[in-house]
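Results of the structural survey
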Amino acid sequence: MPRIIQLPLSGRDRHHYISELRRAEAAHRTLLDQTVEAFRAAHDLACQEWNTRQFIGGPADPSPVIEAAIAAGRELLQVRCQRCGHESMVDLVEVIWPRSKQIHTLAKVLRCQNCRDERNKARPDLVALHYRKAPDPAAPARRARSR
Ligand SMILES: [Zn+2]
């Protein structure tokens, strides 16, 4: 429930108070935007770290949670079949799996589509998390605004 702010009654104080209130509201919007951007940047760093760890042959566990990868804009998971080498992109936005779970938990439920007909279905290796499209450095940061 929003707090009701009592305005001073005298005209001059009231004017001053209203302008201070507007200033604080603008500052608050800026802080909210900066917070969203800081979280996005932190999530993106975690995705980069995980990508690099996969590249150098490190463990897939732990990995960023799915919702963090999506928040970072890295909505595509590149996978490679262990048997046939077929590569594909898994769209994390469309995958039916709890978004609070880590990326590597998908490994046990993913199957190669190329090897689908074979009795022993191959599991893919998780390769990297990618942006749906390359971020434009000139573009303003994506903002999760409710207004
Ligand atoms: Zn395969």
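Attention in this report is confined to the structure presented alongside it. (Residues numbered from 1 in each chain as written. Predicted model: local features only at pLDDT ≥ 70, side-chain atom pairs only at ≥ 80, totals over all residues.)

Turning next to the pairing of strand β1 (residues 76-81). What you see with β1 is a clean split: L77, V79 and C81 sit on the buried side and L76, Q78 and R80 on the side with no burial. Bridge count between β1 and strand β2 (residues 87-91): five bridges; the pairing is antiparallel. Bridge assignment links Q78 to a residue of β2, and that residue is M89. Connecting the antiparallel pair β1 and β2 is a turn made up of five residues, with G85 showing a positive phi of about 80°. Bridge count between β1 and strand β3 (residues 124-130): six bridges; the pairing is antiparallel. From the neighbouring strand, C81 faces β3, where its bridge partner is P124. (Buried ≥ 20, exposed ≤ 12 C-beta atoms within 10 Å, placed from the backbone. Helix = DSSP H or I, 4+ residues; strand = E, 2+ residues; numbered from the N terminus. Pairing = 2+ DSSP bridges.)

So, on to helix α1 (residues 11-55). When the terminal C-alpha atoms of α1 are compared, their 66 Å separation across 45 residues agrees well with the 66 Å that a helix rising 1.5 Å per residue should span. When α1 is considered as a whole, its buried residues turn out to be H43, D44, C47, W50 and Q54. Buried residues in α1 make contact with α2 (66-71) and β3. Where α1 ends, the next residue or the one after it, G57, has phi of about 85°, a positive value. (Expected span 1.5 Å × (residues − 1). Contact = placed C-beta atoms within 7 Å.)

In this section: the nonpolar core. C47, A69, A72, L77, I103 and L129 are the most contacted members of the largest nonpolar core, which has 15 residues in total. Those elements that provide at least two residues to this core are α1, α2, β1 and β3. Top contributing element to this core by residue count: α2, with four residues. With near-sequence residues (within four places) excluded, L77 lies in contact with M89, V90, L92, I103, L106, L126 and L129. (Core = buried A, V, L, I, M, F, W, Y, C linked by C-beta atoms within 7 Å.)

Don't take any of this as a statement about function, it's just geometry.
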